[in-house]
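Chain residues, written in single-letter form:
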Amino acid sequence: MATTAELFEEPFVADEYIERLVWRTPGGGSRGGPEAFDPKRLLEEFVNHIQELQIMDERIQRKVEKLEQQCQKEAKEFAKKVQELQKSNQVAFQHFQELDEHISYVATKVCHLGDQLEGVNTPRQRAVEAQKLMKYFNEFLDGELKSDVFTNSEKIKEAADVIQKLHLIAQELPFDRFSEVKSKIASKYHDLECQLIQEFTSAQRRGEVSRMREVAAVLLHFKGYSHCIDVYIKQCQEGAYLRNDIFEDAAILCQRVNKQVGDIFSNPEAVLAKLIQNVFEIKLQSFVKDQLEECRKSDAEQYLKSLYDLYTRTTGLSSKLMEFNLGTDKQTFLSKLIKSIFISYLENYIEVEIGYLKSRSAMILQRYYDSKNHQKRSIGTGGIQDLKERIRQRTNLPLGPSIDTHGETFLSQEVVVNLLQETKQAFERCHRLSDPSDLPRNAFRIFTILVEFLCIEHIDYALETGLAGIPSSDSRNANLYFLDVVQQANTIFHLFDKQFNDHLMPLISSSPKLSECLQKKKEIIEQMEMKLDTGIDRTLNCMIGQMKHILAAEQKKTDFKPEDENNVLIQYTNACVKVCVYVRKQVEKIKNSMDGKNVDTVLMELGVRFHRLIYEHLQQYSYSCMGGMLAICDVAEYRKCAKDFKIPMVLHLFDTLHALCNLLVVAPDNLKQVCSGEQLATLDKNILHSFVQLRADYRSARLARHFS
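Here the residue numbering is sequential within each chain, running from 1 through the sequence in written order. This being a predicted model, a pLDDT of at least 70 is required before a residue's local features are given, and a value of 80 or more before pairs of side-chain atoms are given or counted; all residues contribute to the totals for chains, interfaces and linings. To obtain the side-chain values, all non-hydrogen atoms of the structure were included, while hydrogens and water were left out.

- Looking at an unreviewed UniProt entry, one finds the chain named Exocyst complex component 5, with Mus caroli as its source organism.
- Within the UniProt record for the chain, the comment given under Sequence similarities (unreviewed entry) is "Belongs to the SEC10 family." UniProt positions are given in the numbering used here, feature names are shortened, and annotations may be inferred rather than shown by experiment.

Listed below in structure tokens is the structure:
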């Protein structure tokens, strides 16, 4: 059995159990083991082992039954014990209820007895208190204060309590009979009050917070309690303003008092609020007045800067004070204090701002024009001027004398930056100093001044002057500087637009003034774009006029009909070279003067006019065979020049013109084939015929027959 027990190892696995039993049995191994396999012996071992297991099972079963019987017996005994405990618990609970009822009965009796004792003791205490007060009152009647409470200086607290009560009683006595005693009590009341305040003052100077708290608690019931607070506030500020920054000093003072005031007074928030009110209404108001009054009438710029700085620093101090407990509505309290200081300055702030901004802007512009030795000419307005403007826009006729500005654009980024900087500062001051209800209206007034001086007096004046300075299209060697005006005006307007979005929009975004500002800005843009378009159009006409002068001066009839057809060495004519040089310069200038889609639009217009000029120019000559080759070479150069435009339509026009020039040299037999080619097939037959007519051999019967 011991051997069998060893085979039952944890964890128990039946297969492993059989395997271990087999290996432990002699002859139970494999045929290749040290002993030969003996199945009979193994069977015998299995039978014996099964019998042993059965015996073991019976023994275990008997043991289990015995343990079950024992468990059942113990369970019955435990249940019996639990029942006995429940009965004992019920008895104990019943005793507890009886004890609780008894305690409640006794407590009721005790409370009743306490009420009776209090009912007896309270009148007794009042009687004792009244007796003491009568005793003290008699001393005042006799005119001699003998009690220790009045003669001992260390009992000032008790004396204060007595005199405060006597003072209240004396208020109810008739004056005619008790005038003398009332006067004595009032005098003593006043003396004690002064002593307490003096004691509080001395304790504050010594830094004895506990004594200050004790005296303040006694003074709380006296009329002079507010005077005690005034003394505390006054002494707190002694030596507090030693730096140059009164706002920083005030913040440090309030922070220091805030940490201390709760340990001294029973109403610390009221004391701190009174200190802050004292600082604002006396120190800050006096400081602000001294700073502003001296420059209010003499120096508007300094006045506005000082007002903005002082108001900003005052509101900054107010934000720091918002951290303290000042009562229920500290936001309103601090706002009223700030308003009391600045109300006289803020009422007419915007008028001062507008007046200063106008004068400053006018001075900036005048200083600039003076530096240029330029006297601004008046730009006419009204019906006649409007009529002239409409006629000029439709016809491009220069109505009025042309002005020679010697290439001066009369636009200055420095002037613009100065104007925008002044306006930016005005917007910032307006945002800070304007009442929220007046802010959009005030911001709009500042914007109108910016429009007046920057857009009208500076940009619009420069555009008008630039338009007047554009020469007529038939002028020679004209200085076409209007593109410089376009470039600078474009840059300036971007700066103007940026300030509109960054500084004006936040001030008016939620008000009806937004649509008004946007409309005004739109009108200004449209007005300037109209003048820019007019100036660019007239400038392009001048460019074409310059090209015409070059062609007229340089192009000779013999260029396309040379006397010696066999001795032509040039690849393209001198007129073509000079025109291409001029065009390339103008293209580069246009690209530098404009941005975005405007570049392509202007270059397309110039390219179309350039093509028309060359087309009409070529129509003026008769071409020999070699002259036609030179014309083709010229047009090829013009086409190279057109590539610089980077406009597909312009390049297509010159490609077509180049194909048309082939009609000047192609053999008569091939004319029809060339005309039906890809580039010329879509053209009107009259156009093709007009080019063929330019050939020197056009009148020959053979050519006319082939083209008909």
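1. Some thoughts on the overall build of the chain
Part 1 of the reasoning: Counting from the N terminus, the helices are DSSP H or I runs at least four residues long and the strands are E runs at least two residues long. Each helix and strand in the chain was counted, giving 25 helices and zero strands.
Part 2 of the reasoning: Residue exposure (1.4 Å probe, protein chains only): buried if accessible area is under 20% of the type maximum, exposed if over 50%, otherwise partly exposed. In the chain, which comprises 708 residues, the proportion classed as buried is 38%.
Part 3 of the reasoning: With an accessible surface of roughly 41600 Å², the chain has 52% of that area assigned to carbon and sulfur atoms. Computed with a 1.4 Å probe, the accessible areas rest on the Shrake-Rupley method; for each residue, only the protein chains presented here act as cover.

2. Things to note about the nonpolar core
Part 1 of the reasoning: Only buried residues count toward a nonpolar core, which is a set of Ala, Val, Leu, Ile, Met, Phe, Trp, Tyr and Cys residues joined through side-chain atoms within 4.5 Å. Membership of the largest hydrophobic core comes to 163 residues, with the highest contact counts inside it found for Tyr-232, Phe-265 and Tyr-638.
Part 2 of the reasoning: Residue assignment places this core across two domains, with domain 2 (149–308) and domain 3 (568–706) each supplying three or more.
Part 3 of the reasoning: Here, residues are in contact when the closest pair of their heavy atoms is within 4.5 Å. If sequence neighbours within four positions are ignored, Phe-265 has contacts with Phe-200, Ala-216, Tyr-225, Cys-228, Ile-229, Tyr-232 and Val-271. In this entry, domain limits derive from an automatic or database-based domain assignment.

3. So, the state of the cysteines
Part 1 of the reasoning: Our working definition of a disulfide is a cysteine sulfur pair at a distance within 2.5 Å. Summed over all chains, the structure comprises zero disulfides.
Part 2 of the reasoning: Among the cysteines around Cys-633, which has no disulfide bond, Cys-576 carries the closest sulfur, lying 9.1 Å off.

4. Here we look at the UniProt feature "coiled-coil region" (unreviewed entry) in the chain
Part 1 of the reasoning: Mapped onto the present numbering, the UniProt feature "coiled-coil region" (unreviewed entry) falls at residues 50–88.
Part 2 of the reasoning: A helix fraction of 100% and a strand fraction of 0% characterise residues 50–88, whose end C-alpha atoms lie 56 Å from each other.

5. Some details on unusual backbone geometry
Part 1 of the reasoning: Although it is not a glycine, Phe-410 adopts a positive phi angle of roughly 60°.
Part 2 of the reasoning: With respect to the secondary-structure elements, Phe-410 resides in the loop between helix 14 (383–395) and helix 15 (413–433).
Part 3 of the reasoning: By relative accessible area, Phe-410 is classed as buried at 6%.
Part 4 of the reasoning: Notably, Lys-646 is not glycine yet its phi reads approximately 60°, a positive angle.
Part 5 of the reasoning: Note that Lys-646 resides in the loop between helix 21 (625–643) and helix 22 (648–661).

6. Some thoughts on the environment of Lys-520
Part 1 of the reasoning: Its location among the elements puts Lys-520 in helix 18 (residues 513–554).
Part 2 of the reasoning: Residues contacting Lys-520, with those up to four places away along its chain left out, are Phe-444, Phe-447, Thr-448 and Val-451.

7. Remarks on helix 11 (residues 300–321)
Part 1 of the reasoning: Between the first and last C-alpha of helix 11 there are 31 Å, a value that for 22 residues agrees with the 32 Å anticipated at 1.5 Å per step.
Part 2 of the reasoning: Where helix 11 is concerned, the buried positions are Tyr-303, Leu-304, Ser-306, Leu-307, Leu-310, Tyr-311, Thr-314, Thr-315, Leu-317, Ser-318 and Leu-321. Along the long axis of helix 11, the arc covered by the buried residues comes to 165°, so they all point the same way.
Part 3 of the reasoning: Of the surrounding elements, those touching the buried residues of helix 11 are helix 9 (246–261), helix 10 (268–296), helix 12 (330–346), helix 13 (349–371) and helix 15.
Part 4 of the reasoning: Contacts described as polar in this section are N or O atom pairs within 3.5 Å, which, within protein, must combine one atom able to donate a hydrogen with one able to accept it, while residues neighboring in sequence count only if both atoms come from side chains. Here helix 11 starts with a cap whose side-chain oxygen sits 3.3 Å from the backbone nitrogen of Glu-301, and that cap is Asp-299. By this rule the span expected of a helix is its residue count minus one, scaled by 1.5 Å. It is the directions from the helix axis to the C-beta atoms that the arc portrays.

8. Looking at the pattern of salt bridges
Pairing between side chains of opposite charge can happen when their charged atoms approach one another.
Part 1 of the reasoning: Any Lys or Arg side-chain nitrogen found within 4 Å of a carboxyl oxygen on Asp or Glu counts as a salt bridge. This model, assessed by the stated rule, comprises 27 salt bridges.
Part 2 of the reasoning: Put simply, Glu-293 and Arg-296 hold a salt bridge, and the shortest N to O gap is 3.4 Å. A residue pair is termed a helical-turn pair when its members lie 3 or 4 positions apart in one helix, as Glu-293 and Arg-296 do in helix 10 at three residues.
Part 3 of the reasoning: For Arg-609, the salt bridge is made with Asp-537, and the minimal N-O distance between the two is 2.3 Å. With a gap of 72 residues between them, Arg-609 in helix 20 (residues 597–618) and Asp-537 in helix 18 connect regions that are remote in the sequence.
Part 4 of the reasoning: On the basis of relative accessible area, Arg-609 is assigned to the buried category, the value being 11%.

9. Description of the packing of helix 9 against helix 11
Any two packed helices are characterised by the angle at which their axes cross and by the distance between the axes.
Part 1 of the reasoning: Contact geometry for helix 9 and helix 11: axes closest at 10 Å, N-to-C directions at 10°. Comparing their axes, helix 11 and helix 9 come out roughly parallel. Side by side, helix 9 and helix 11 meet where Phe-247, Glu-248, Ala-250, Ala-251 and Cys-254 of the first sit next to Leu-310, Arg-313, Thr-314, Leu-317, Lys-320 and Leu-321 of the second.
Part 2 of the reasoning: Here the residues of the contact of helix 9 with helix 11 sort into seven nonpolar, one polar and three charged. Axis definition: a line fitted to C-alpha atoms, limited for helices to the stretch in contact. Angles are taken between N-to-C directions and run from 0 to 180 degrees. Angle categories: roughly parallel below 35 degrees, roughly antiparallel above 145, roughly perpendicular from 65 to 115, and oblique for all the rest. In this classification, the charged set is Asp, Glu, Lys and Arg, the nonpolar set is Ala, Val, Leu, Ile, Met, Phe, Trp, Tyr, Cys and Pro, and all remaining amino acids, among them Gly, are polar.

10. Considering the confidence of the model for the chain
Part 1 of the reasoning: The predictor attaches a confidence to each residue, called pLDDT, with possible values from 0 through 100. Put simply, the chain has an average pLDDT of 81, and 80% of its residues get 70 or more.
Part 2 of the reasoning: Between the elements of the chain, mean pLDDT differs from a low of 49, seen in helix 14, to a high of 94, seen in helix 15.
Part 3 of the reasoning: Predicted confidence for residues 381–385 stays below pLDDT 50, and this span has one contact to residues more than four positions away or in other chains.

11. Some points on the packing of aromatic side chains
Part 1 of the reasoning: For Phe, Tyr and Trp, rings pair up if their centres lie within 6.5 Å, where Trp contributes its six-membered ring, and each pair is then called stacked (planes under 30 degrees apart), edge-to-face (over 60) or tilted (otherwise). In this structure the tally under the stated criterion is 16 aromatic pairs.
Part 2 of the reasoning: Ring centres 5.2 Å apart and planes at 45° place the aromatic pair Phe-493 and Phe-496 in the tilted group. Here Phe-496 and Phe-493 lie together in helix 17 (residues 482–508), a separation of three residues that amounts to about one turn. Note on accessibility: Phe-493 and Phe-496 belong to one class, buried.
Part 3 of the reasoning: Ring centres of Phe-560 and Tyr-623 lie 4.9 Å apart, and the angle between their planes is 55°; on these two criteria the pair is classed as tilted. On the criterion of sequence distance, the pair formed by Phe-560 in the loop between helix 18 and helix 19 (574–593) and Tyr-623 in the loop between helix 20 and helix 21 is long-range, its members being 63 residues apart. In terms of burial, Phe-560 and Tyr-623 fall into one category: buried.
Part 4 of the reasoning: Two conditions define a charge located above a ring, namely a distance within 6 Å from the ring centre to NZ of Lys or CZ of Arg, and an angle within 35 degrees of the ring normal. Residue placement shows Lys-513 over the ring face of Phe-444; its charged tip is 4.5 Å from the ring centre.

12. Quick word on the side chain of His-458
Part 1 of the reasoning: Along the chain, His-458 falls in helix 16 (residues 439–469).
Part 2 of the reasoning: Ignoring sequence-local partners within four residues, the contact set of His-458 consists of Leu-365, Tyr-368, Tyr-369, Phe-410, Leu-411, Ser-412, Val-415, Val-416 and Phe-453.

13. Brief notes about the environment of Cys-661
Part 1 of the reasoning: With respect to the helices and strands, the residue Cys-661 is situated in helix 22.
Part 2 of the reasoning: For Cys-661, a relative accessible area of 0% corresponds to the buried category.
Part 3 of the reasoning: For the pair formed by Cys-661 and Val-635, sequence separation is 26 residues and the distance between their alpha carbons is 7.9 Å.
Part 4 of the reasoning: Not counting residues up to four positions away in its chain, the partners in contact with Cys-661 are Leu-618, Ile-632, Val-635 and Phe-691.

14. Quick word on helix 22
Part 1 of the reasoning: Given a rise of 1.5 Å per residue, 14 residues ought to cover 20 Å, and the 20 Å separating the end C-alpha atoms of helix 22 matches this to within 8%.
Part 2 of the reasoning: Extensive coverage of helix 22 is indicated by the burial of ten of its 14 residues.
Part 3 of the reasoning: Of the residues making up helix 22, those classed as buried are Val-650, Leu-653, Phe-654, Asp-655, Thr-656, Leu-657, His-658, Ala-659, Leu-660 and Cys-661.
Part 4 of the reasoning: Its buried side turned inward, helix 22 meets helix 20, helix 21 and helix 24 (685–692).

15. Concerning a negative patch on the surface
Part 1 of the reasoning: On the surface, a cluster of negative charge is contributed by Glu-523, Glu-526, Glu-529 and Asp-533.
Part 2 of the reasoning: Note that Asp-533 resides in helix 18. Note that patches include only residues with greater than 30% relative accessible area and no salt bridge, and the join distances are 9 Å for like charges and 5 Å for nonpolar side chains (Val, Leu, Ile, Met, Phe, Trp, Tyr). Charged residues are defined narrowly, with Lys and Arg counted positive, Asp and Glu counted negative, and His plus the chain ends left uncounted. Think of each charge as sitting on NZ of Lys, CZ of Arg, CG of Asp or CD of Glu.

16. Regarding a nonpolar patch on the surface
Part 1 of the reasoning: Nonpolar side chains collect at one region of the surface, where Tyr-105, Val-106 and Val-110 lie side by side and expose about 290 Å² of accessible area between them.
Part 2 of the reasoning: You can see Tyr-105 is positioned in helix 3 (residues 39–142).

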